[in-house]
Amino acid sequence: MKQHILVVDDEKNIRMTLTQCLADEAYTIDLAVNGEDALIQLSQADYDLILLDIKMPGLDGMEVLKKIRDRGIQVNVIMMTAYGTVERAVEAMKLGAIDFISKPFTPSEIRKLVQSVLQRHVLKETELNHFEEYLEFAKKCLLEQHYEKAEEILIKSITLNVEAPEPHNLLGVLAEYYRDIPRAQKHYRAALALDPTYRPADQNLERTVQWKYSQAGMNLGDRDDTDER
Amino acid sequence: MKDKYIIIVGCGRLGAHVAKMFTRSRNSLVMIDKDATAFSRLSEEYSGFTIEADAVEQDTLLRAKIDQADVLVATTDDDNTNIMIAQVAREIHHVPEVMLRIYDPSRAKIYEGTGITTICTTLLAAEAFSQALGSQEGVTAP
Amino acid sequence: MNIFVVGGGIRTHFLAKSMISKGHELTLIEEEPEVCDRLARNHQALVIQGDGTRPYLLQDAGITRCDLILALTSKDPDNLVICQLASKVYGVPKSMALVNDPANRIIFQKLGVQMVVSTVEIITDLIEQRLFLDDISNLSPIEEGKVSLMEIELKVDDLVVGKTIQAASFPAQSNIGCVLRGQEAIIPGGATRLEAGDRLIIICLPKYQSEVLKTIRGRLT
């Protein structure tokens, strides 16, 4: 059965390149030119995955994501970022999106990511074998808001691959979710120590350094008490 | 040529045309130019990414994910820029296929032996003229 | 030495003055006619107007006799091409290029340019080092800024006053090369006791400068 994918990006050349990259796999692809268009399409069909550009005129990607969740639509989301845009990883995580890909990306990069996102739901804790599966399962836990389990699995995954920056980055995101900024930064730095070119950790670290987190009135609920610098 | 990750530097007439031809087969293209208005030369069917930045800056190439590139084509209007970018792609980032356009063929000696493919517009045009002349007069080339 | 200077603009004028007075033979290549005019009028040097990145021009200028070429144009690619033509094609033994993008410094070196000067790096290093006040002076840069040499005068309330050098626990990446006390110059050992008014000559890696200052002062300013 073909998986149904919605590509949301205001740039035509991006929509076309994604259509090409994902063409002969087991996917059918629909295109949306902006946030409003995406919401209309979502009301008319069911999708397995949305590729969502963050920087768009009108409704930006995060706003679209929020609206999708407000409507109770559970679909998988991959956020697409352009160079220099800060990944609002924690915000996205609270809205059930944990996968980011930065433009430009190679065909194999996007295909691999789409595949792992779509196959994530079948993973069972008892059947995890290698590092990748542990990492994916941890992401699944984060998306399902099983944060303690996610942390446990992430720590386990590190023992299977000590070189990988990704688990550390995700532990950082989790720490940030719990408002433990120093610990979050420690994790982001650990990720960067393993791979100085790992952009997500670099951006996350930069973001936590720039934003002022206000101590007063913090809660772990929906509203973020962060001021952007 | 399918599914290759191709970076083109310089969206002049040549660069835009090369992009058009590469788009036909299924490739993933990244077009880099210092000036975003140059992207208007890209055809309607262009499918790929665009980056407005100076490719002489190392950061730009990293941002374009040059270490994952299968092909790099340097088609700016400046020979020296093309020569530098091609060498960086080949010698530093080990891009498997690197091609550049130059006007002045005598500069090609710099990177001789590095496996960079040179497209010298001056020489190609001269050859084309010579062939055209030969066929017009009904004379076959020796 | 036979030295070629390509594209330095006004800098070439001052470089030429200095080098000719030291007895070197100069060839100056500039694109702008007015600059060439000025250079030709002011210096005993071969001045050529044109694009120094063209092989035929370098050849005509006699590059095969060149011992050292300085590529000082404002464009990194041009400087690279000049140096590479000189060394790879014409066998010039020494080449130096200016770069604007500091990241290009290591790239140029990998591509065969021997000396690369990144003016932006030098300036930012100086600014960072000069964050502190006038009782600290930076002495001449050594090895393209790889080593920091500074002189600092100890004040009465500095943390290390009264301590021996060993007890003062300077960072391992630093070395107190000399202590100037009044008219005396002391080459210190671990047991040398530091006094207010001592001027310490300290060698360290640039990135440890602030640690050294913290050790002396307890803070950075």
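Residues numbered from 1 in each chain as written. Chains lettered and ligands numbered in written order. Predicted model: local features only at pLDDT ≥ 70, side-chain atom pairs only at ≥ 80, totals over all residues.

Caption draft 1: Examining the UniProt feature "domain: RCK N-terminal" (unreviewed entry) in chain C more closely. As annotated by UniProt and renumbered to match this structure, "domain: RCK N-terminal" (unreviewed entry) occupies residues 1-124 of chain C. Taken end to end, residues 1-124 of chain C is 45% helix and 23% strand, and its two terminal C-alpha atoms sit 32 Å from one another. (UniProt positions renumbered as here; feature names shortened; annotations may be inferred. Helix = DSSP H or I, 4+ residues; strand = E, 2+ residues; numbered from the N terminus.)

Caption draft 2: Highlighting the interface of chain B and chain C. Across the boundary between the two partners, chain B contributes 18 residues, which contact 19 residues of chain C. Counting residues per element, the ones that place at least two in the side of chain B that touches chain C are helix 2 (58-63) and helix 3 (79-92) of chain B. For the side of chain B that touches chain C, the leading source of residues is helix 3 of chain B, giving 8 residues. Its residues assigned to classes, the side of chain B that touches chain C shows 6 nonpolar, 5 polar and 7 charged. (Contact = placed C-beta atoms within 7 Å. Nonpolar A, V, L, I, M, F, W, Y, C, P; charged D, E, K, R; others polar.)

Caption draft 3: Seen up close, the arrangement of the chains. No other pair among the 2 pairs of chains in contact exceeds the contact count of chains B and C. With no contact formed, the shortest span from any C-alpha in chain A to any C-alpha in chain C equals 15 Å.

Caption draft 4: Examining the domain arrangement of chain C more closely. Structurally, chain C comprises domain 1 (2-123) and domain 2 (130-217). For domain 1 of chain C and domain 2 of chain C, the distance between their C-alpha centres works out to 39 Å. (Domains from an automatic or database assignment.)

Caption draft 5: Examining the interface of chain A and chain B more closely. Each side of the interface is counted separately: chain A has 11 residues, and chain B has 14 residues. Taken together, the residues of the side of chain A that touches chain B break down into 6 nonpolar, 4 polar and 1 charged.

Caption draft 6: Just the nonpolar core, in detail. Membership of the largest hydrophobic core comes to 132 residues, with the highest contact counts inside it found for A:Ala138, B:Ile7, B:Ile8 and C:Ile69. Of the residues forming this core, the biggest block, 7 residues, is contributed by helix 6 (residues 131-143) of chain A. Excluding anything up to four places from it in sequence, B:Ile7 contacts B:Val30, B:Ile32, B:Ala64, B:Ile66, B:Ala69 and B:Leu72. Counting 11 residues, the second-largest nonpolar core is a separate cluster that includes C:Leu194, C:Leu200, C:Ile202 and C:Ile216. (Core = buried A, V, L, I, M, F, W, Y, C linked by C-beta atoms within 7 Å. Buried ≥ 20, exposed ≤ 12 C-beta atoms within 10 Å, placed from the backbone.)

Caption draft 7: Representation of the pairing of strand 1 (residues 2-6) of chain C within the structure. Residue and element names in this part refer to chain C. Burial runs high along strand 1: 4 of the 5 residues are buried. As judged from the 5 bridges shared by strand 1 and strand 2 (residues 25-30), these two strands associate in the parallel manner. Among the inter-strand pairings, Asn2 is bridged to a residue of strand 2, identified as Glu25. At this point the chain moves from strand 1, through helix 1 (residues 10-21), to the parallel strand 2, and the crossover so formed is right-handed. For strand 1 and strand 4 (residues 68-71), the ladder comprises 4 bridges, and the chain directions are parallel. (Pairing = 2+ DSSP bridges. Right-handed = clockwise from strand over helix to strand, strands pointing away.)

Caption draft 8: Quick look at the sheet that holds strand 3 (residues 49-53) of chain A. All names here are of chain A. If you walk across this open sheet you meet the 5 strands as 2-1-3-4-5, and the pairing is parallel. Two strands bound the open sheet, and with one partner strand each, they are strand 2 (27-32) and strand 5 (99-102). Taken over all neighbouring pairs, the strand axes of this sheet differ in orientation by 20 degrees on average, direction set aside. Relative to strand 3, strand 1 (residues 3-8) runs parallel, the two being bridged by 4 bridges. Residue Leu6 lies in a different strand from strand 3, and its bridge partner there is Ile50. (Axes fitted to C-alpha atoms, helices over the stretch in contact; angles between N-to-C directions.)

Caption draft 9: Region of the structure containing the packing of helix 9 (residues 181-194) of chain A against helix 10 (residues 199-210) of chain A. Residue and element names in this part refer to chain A. Here helix 9 crosses helix 10 at 150 degrees, and the two axes come no closer than 9 Å. When the axes of helix 9 and helix 10 are compared, the pair comes out roughly antiparallel. Here the hand of the crossing between helix 9 and helix 10 comes out left-handed. Here Ile181, Ala184, Gln185, Tyr188, Arg189, Ala191 and Leu192 of helix 9 come into contact with helix 10, specifically with Ala201, Asp202, Asn204, Leu205 and Thr208. Tallied by class, residues from the contact of helix 9 with helix 10 come to 7 nonpolar, 3 polar and 2 charged. (Parallel < 35°, antiparallel > 145°, perpendicular 65-115°, else oblique. Left-handed = near helix turned anticlockwise from the far one by under 90°.)

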